[in-house]
Amino acid sequence: ANAQYLADYRPYPFILDQTVLDFALSPDATEVTATLSLRPREAVEDLVLDGGRGVELLSLDIDGRAPDPAHVRRDGESLTIAAAALPDAPFALTTRVRIDPSANTAFEGLYISGGIFCTQCEAEGFRHITFYPDRPDVMAPFRVTIRSDKPVLLSNGNPVAIRDGFAEWNDPWPKPAYLFALVAGDLVAVSDRFTTRSGRRVDLNVWVRPGDQDRAGFAMQSLIKSMRWDEDVYGREYDLDVFNMVAVDDFNMGAMENKGLNIFNSKLVLASPETATDADYERIEAVIAHEYFHNWTGNRITCRDWFQLCLKEGLTVFRDQQFTADMRSAPVKRIEDVHTLRARQFREDQGPLAHPVRPERYEEINNFYTATVYEKGAELIGMLKRLVGDDGYASALDLYFDRHDGEAATIEDWLAVFQDATGRDLTQFKRWYTDAGTPHLTMTEDWDAGDRGGRLTLNFTQHTPPTPGQDDKPPRVIPIAVGLIGPNGDEVQPTRMLEMTEARQSFTFDGLGARPVVSALRGFSAPVILDRPIDDRNRAFLLAHDTDPFARWEAGRDLAMSALMSLAQGGDAGADFIDAIGRLAADRDADPAFRALCLMLPGEEEIATALAARGATPDPDAIHAAREDLARRVAEAHADLLARLYDAMEVPGPYSPDADAAARRSLRIAALGLLNRIDRGDRAEVLFGTAGNMTERMAALNCLIRRGRGQAALQALHDRFGDNRLVMDKWFSVQVMAAPPQDAVAVATQLAARRDFDWKNPNRFRALLGGLAANHAGFHAADGSGYDFTADWLMKMDGANPQIAARMSTAFETWPRYDKGRRDRALSALQRIAAMPDISRNLREMVSRMIA
Ligand code: HT7
Ligand code: ZN
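The chain is annotated in an unreviewed UniProt entry as Aminopeptidase N of Paracoccus stylophorae. The UniProt entry for the chain carries the following text under Cofactor (unreviewed entry): "Zn(2+)". Per UniProt, the comment on the chain under Sequence similarities (unreviewed entry) is "Belongs to the peptidase M1 family."

Pasting the structure below:
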């Protein structure tokens with residue numbers, strides 16, 4: 001296999017001073033002329049440019065003259081010009097190539113989405129546009145001309161000349177090729193203006209298809225808030241005269257931070273109360289912020305190589321999480337982020353795809369845009385901030401921007417600014433970047449009433465299980481935030497940050513009088529799995545009294561898990577959980593969004609991951625049954641309270657996506673979800689008919705499908721929104737996700753046969769296949785039908801879009817944790833994929849890691 005290794009890094013032997021590009025756009029024969037001003041870094045070497053199949057070389061010259069053809073070599077992936085053909089001085093290399101955007105179904109490079117020409121170059125898409133040193137440490141200013149009959153022609157930087165059929169753009173900020181973008185289409189803009197704090201006026205545009213303007217206003221407001229926030233909190237100003245955002249329907253991921261021209265999956269731009277849910281609005285705001293924040297963390301300072309991906313992604317996720325916490329509720333955001341981390345990253349860490357936040361080897365870099373690089377990468381920054389304090393963090397970041405602006409940096413550079421700014425040695429901390437796996441932390445307590453007025457000793461051990469290629473892991477530094485709650489419910493020890501650096505370590509608290517209850521890992525101070533002997537009574541006590549919202553929620557989560565375990569083993573539902581959850585739901589002083597989070601039982605996947613972390617073999621059917629059982633018991637025990645909450649949380653007046661209104665709706669929907677278990681779906685039916693927004697409409701539809709009463713509502717939604725792709729994606733996914741597990745594959749099969757299952761569209765494919773993967777017991781059907789259905793579609797998708805096939809193959813990443821019957825069936829589905837002739841590098845790497 002063609003693996004890349006971090007240890008093999010070598011600077012590019014040429015310096016690129018300027019890139020000039022000319023595009024003559026045509027759907028099936030676009031011509032690209034590229035002029036690169038190059039000079040040898042030291043002695044002249046062979047010049048290797050990336051560029052592969054699909055890029056037809058029409059001409060090549062050096063300083064205006066064609067080299068001897070014997071000096072030019074092509075293989076499938078690159079073009080090499082022998083050193084003998086190159087001057088030992090600055091020179092201009094000009095290539096003219098032809099490409100076919102209409103044939104590009106992989107949506108990497110230049111392609112067409114709904115008649116709009118657009119590009120996606122991260123990570124290595126630029127090489128599908130022209131021959132180029134397509135690596136992030138080769139940075140240059142770009143000047144771009146576009147010839148096309150499309151009315152709107154966009155590229156990075158500032159406009160130089162725009163007229164009919166022609167546009168010229170200049171981006172003065174040196175950038176790597178992965179940040180290049182071009183868009184040409186019949187588009188309209190929602191426009192506004194922003195004045196930076198130093199007085200620079202910036203024109204802002206959100207470009208959408210004609211007719212979609214009325215759904216682009218929220219995106220614009222999100223952008224403006226992001227620009228202001230980055231100035232206020234990080235002191236970062238925008239640096240061009242224009243900022244353009246474009247929405248396209250065919251897009252492999254969420255969005256892309258191209259310099260001055262961010263491109264978005266339309267689902268992350270377009271929103272109206274009629275078509276988008278509260279969760280959609282929150283995500284749109286967060287992703288727009290994320291892409292905008294990349295302007296400094298990613299663009300002005302980029303990555304030296306793709307092994308350093310977490311340098312920009314971990315930091316930018318951390319920044320977007322801070323932003324959302326400031327815009328909405330910080331405690332709720334923290335709980336949501338931990339929830340996502342556990343659902344996606346802990347799951348990844350537990351299986352064959354586990355890898356370090358900074359990997360050291362890859363075959364296909366697109367396979368490393370993972371929860372580990374992004375979400376765990378963000379957790380590492382949160383830990384660093386906890387360890388050096390807020391002031392230390394602020395001075396380290398200032399130093400980072402000062403020292404590395406305009407550079408392509410590494411994790412070593414990143415840690416060095418923290419060391420230099422704060423004086424703290426981060427040698428041990430670096431293990432968080434290099435070592436894969438989730439540490440298991442155990443905590444036991446010793447209480448000595450007679451010693452020093454009541455002494456509590458907390459004893460910790462840490463251990464990280466082996467992950468592929470890494471058997472032994474030395475201890476890491478782990479910040480453990482601890483508080484103590486006295487027997488009367490008052491906090492007797494506010495949060496204290498314990499720093500664990502050894503495999504075993506103890507910490508003492510003196511003068512406590514009476515024995516307190518320990519609130520541990522407050523705020524989820526480190527991404528670890530904490531094991532502690534604690535009974536349900538003390539968990540309920542923490543749920544009632546803890547001052548730390550995360551720890552409070554966690555106590556409720558632990559209680560729910562303990563009730564589920566007991567039910568799964570034929571035991572009782574755990575009266576402590578049912579009582580405690582009722583008290584919390586009724587607590588009018590608590591934020592409705594927090595109460596909603598507490599009312600939502602752990603998901604089936606989450607339960608399976610928790611069981612596997614304890615060494616048990618999860619049984620998907622038993623998990624499903626236990627969860628349904630517990631939900632029904634909660635509903636029965638609190639029927640009146642839930643019904644009152646459902647009515648009381650109705651939000652009067654016109655829909656607004658603001659955090660307070662969304663919080664009330666989330667509590668209302670959580671109550672509805674439970675009541676749906678005992679009211680036959682009657683409330684959901686009324687709500688579906690009366691809801692004036694998509695949040696409640698989708699919640700009601702979900703409930704109706706779960707009660708086997710979804711048909712009329714599904715038809716109604718289709719009648720009303722059949723021509724809205726984003727709503728129809730929801731229509732596809734909810735049917736598979738909410739189907740009874742035994743029907744899920746049949747439902748998916750029937751939906752996949754529809755004419756409007758436009759499988760080449762990544763959103764539609766994800767809606768269906770992702771919907772099935774999210775139906776835990778359905779995907780893991782004991783007869784292997786979920787595995788076979790998914791494998792068939794991955795094989796089909798691989799021929800069109802390898803990135804999507806490889807990403808969606810992660811549905812299988814947990815297969816080794818199940819019983820032998822399921823394991824055998826999953827393995828044979830994976831082996832069938834692996835044996836496919838012409839399998840892409842993307843999918844091959846994923847499957848071979850999974851079956852290794
Ligand atoms: N930096 C981007 C990551 C990305 C991507 C986006 C769209 C399509 C393909 C892509 N490959 C990699 C998105 C981000 O993290 O902001
Ligand atoms: Zn990003």
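From this point, the discussion proceeds with the structure in view.
Draft legend 1. Region of the structure containing the overall build of the chain. For the chain, the helix and strand inventory stands at 26 helices and 30 strands. At 28 Å, the chain has a C-alpha radius of gyration in line with the 29 Å of a compact globule built from 852 residues. Projected onto the principal axes, the alpha-carbon positions of the chain cover approximately 85 × 65 × 60 Å. Every one of the 852 residues in the chain was classed for burial, and the buried ones make up 50%.

Draft legend 2. The arrangement of the confidence of the model for the chain in detail. On average, residues of the chain score 97 in pLDDT, and 100% of them reach the 70 mark or higher. Interface predicted TM-score (ipTM) for the complex: 0.98; the corresponding pTM is 0.99.

Draft legend 3. Quick look at the pairing of strand β15 (residues 182-185). Of the two faces of β15, the one holding Leu182 and Ala184 and the one holding Val183 and Gly185 are both buried throughout. Pairing analysis gives four bridges linking strand β12 (residues 152-155) to β15, with the strands arranged antiparallel. Across the sheet, the residue bridging to Ser155 is Leu182, located in β15.

Draft legend 4. Summary view of helix α14 (residues 639-648). Listed as buried for α14 are Leu642, Leu645 and Tyr646. For α14, the angular spread of buried residues about the axis comes to 100 degrees, placing them on one side. Away from the buried face of α14 by more than 90 degrees, exposed residues Asp640 and Asp647 are located. If you follow the buried residues of α14, they end up packed against α10 (575-586), α13 (620-637), α15 (659-675) and α16 (682-690).

Draft legend 5. Representation of the sheet that holds strand β8 (residues 91-99) in the model. Judged by pairing direction, the sheet is mixed, and its seven strands sit side by side in the order β5-β8-β3-β2-β11-β14-β13 without closing on themselves. One side of each edge strand has no neighbouring strand; the edge strands of this open sheet are β5 (56-62) and β13 (158-163). Geometrically, the sheet is characterised by an average inter-axis angle of 15 degrees between neighbouring strands, direction not taken into account. Of the pairings in the sheet, the one linking strand β11 (residues 140-147) to strand β14 (residues 166-175) comprises seven bridges and is antiparallel in character. Counterpart to Val144 in the pairing with β14 is Trp169.

Draft legend 6. Fine view of the sheet that holds strand β27 (residues 491-500). With antiparallel pairing, three strands are arranged side by side in an open sheet as β27-β26-β29. Strand pairing shows two members of the sheet lacking a second neighbour, β27 and β29 (517-520), which therefore form its edges. Pairwise comparison of adjacent strand axes, ignoring direction, gives a mean angle of 25 degrees for this sheet. Strand direction decides the pairing type here: strand β26 (residues 478-485) and β27, joined by seven bridges, are antiparallel. Paired with Ala481 across the bridge in β27 is Met497.

Draft legend 7. Here's a closer look at unusual backbone geometry. With an omega dihedral of 0 degrees, the bond running from Glu122 to Ala123 counts as a cis peptide bond. Relative to the assigned elements, Ala123 resides in the loop between β10 (116-120) and β11. Even without being a glycine, Leu521 presents a positive backbone phi close to 55 degrees. Within the secondary structure, Leu521 is located in the loop between β29 and β30 (529-531). Among the residues examined, Leu521 registers 25 C-beta atoms within 10 Å and is labelled buried. Here the phi dihedral of Asp838 falls at roughly 65 degrees; this positive angle occurs in a residue that is not glycine. In this fold, Asp838 is placed in the loop between α25 (820-834) and α26 (841-851).

Draft legend 8. Representation of the domain arrangement of the chain. Taken as a whole, the chain is organised into domain 1 (1-186), domain 2 (302-434), domain 3 (440-526) and domain 4 (722-852). Placing a centre on the C-alpha atoms of domain 2 and another on those of domain 3 gives a separation of 24 Å. For the side of domain 2 that touches domain 3, the elements supplying multiple residues, two or more each, are α4 (330-350), α5 (371-404) and α7 (431-434). Grouping the constituent residues of the side of domain 2 that touches domain 3 by class yields seven nonpolar, one polar and four charged.

Draft legend 9. Layout of the pairing of strand β18 (residues 242-248). Burial within β18 is extensive, with six of its seven residues counted as buried. Summarising the sheet, strand β17 (residues 201-208) and β18 pair through five bridges and their orientation is parallel. What sits directly across from Asn205, in β18, is Asn244. Chirality of the crossover, the property in question, places the unit of β17, helix α1 (residues 217-234) and β18 among those that are left-handed. Sheet topology note: the β18/strand β20 (residues 261-265) ladder contains five bridges and is parallel. In the sheet register, Val248 faces β20, and the bridge partner there is Asn265.

Draft legend 10. Region of interest: the site of ligand 1. As a matter of local geometry, ligand 1 sits amid 13 residues, with Gln120, Glu122, Asn252, Met253 and Met256 nearest to it. For the shell around ligand 1, the secondary-structure elements that each account for two or more residues are β19 (255-256) and α2 (278-293). Of the residues contributing to the shell around ligand 1, the split by class is five nonpolar, four polar and four charged.

Draft legend 11. Representation of the nonpolar core in the model. Ranked by internal contacts, the top residues of the largest apolar core, which has 252 residues, are Leu182, Val183, Val246, Ile263 and Val269. In this structure, Ile263 is in contact with Cys118, Ala181, Val183, Val246, Val248, Ala255, Met256 and Asn258, ignoring residues within four places of it in sequence.

Draft legend 12. Just the packing of helix α17 (residues 694-706) against helix α19 (residues 725-737), in detail. Taken N-terminus to C-terminus, the directions of α17 and α19 make an angle of 35 degrees; their axes are 9 Å apart at the nearest point. The chirality of how α17 crosses α19 is right-handed. Along the contact surface, α17 presents Met698, Leu701, Asn702 and Ile705, while α19 presents Lys730, Val734 and Gln735. Grouping the amino acids of the contact of α17 with α19 by side-chain chemistry returns four nonpolar, two polar and one charged.

Draft legend 13. The environment of Pro172, seen in detail. Relative to the helices and strands, Pro172 resides in strand β14. In this structure Pro172 comes out as partly exposed when scored by C-beta crowding, with 13 C-beta atoms within 10 Å. Between the C-alpha atoms of Pro172 and Asn156, which are 16 residues apart in sequence, the distance is 9.4 Å. Excluding residues within four positions of it along the chain, Pro172 makes contact with Pro141 and Gly157.

The rules we used
Residues numbered from 1 in each chain as written. Chains lettered and ligands numbered in written order. Predicted model: local features only at pLDDT ≥ 70, side-chain atom pairs only at ≥ 80, totals over all residues. UniProt positions renumbered as here; feature names shortened; annotations may be inferred. Helix = DSSP H or I, 4+ residues; strand = E, 2+ residues; numbered from the N terminus. Rg over C-alpha atoms; globule rule 2.2 N^0.38 Å. Buried ≥ 20, exposed ≤ 12 C-beta atoms within 10 Å, placed from the backbone. pLDDT = per-residue confidence, 0-100. Pairing = 2+ DSSP bridges. Arc of directions from axis to C-beta. Contact = placed C-beta atoms within 7 Å. Axes fitted to C-alpha atoms, helices over the stretch in contact; angles between N-to-C directions. Domains from an automatic or database assignment. Nonpolar A, V, L, I, M, F, W, Y, C, P; charged D, E, K, R; others polar. Right-handed = clockwise from strand over helix to strand, strands pointing away. Near = placed C-beta within 6 Å. Core = buried A, V, L, I, M, F, W, Y, C linked by C-beta atoms within 7 Å. Left-handed = near helix turned anticlockwise from the far one by under 90°.

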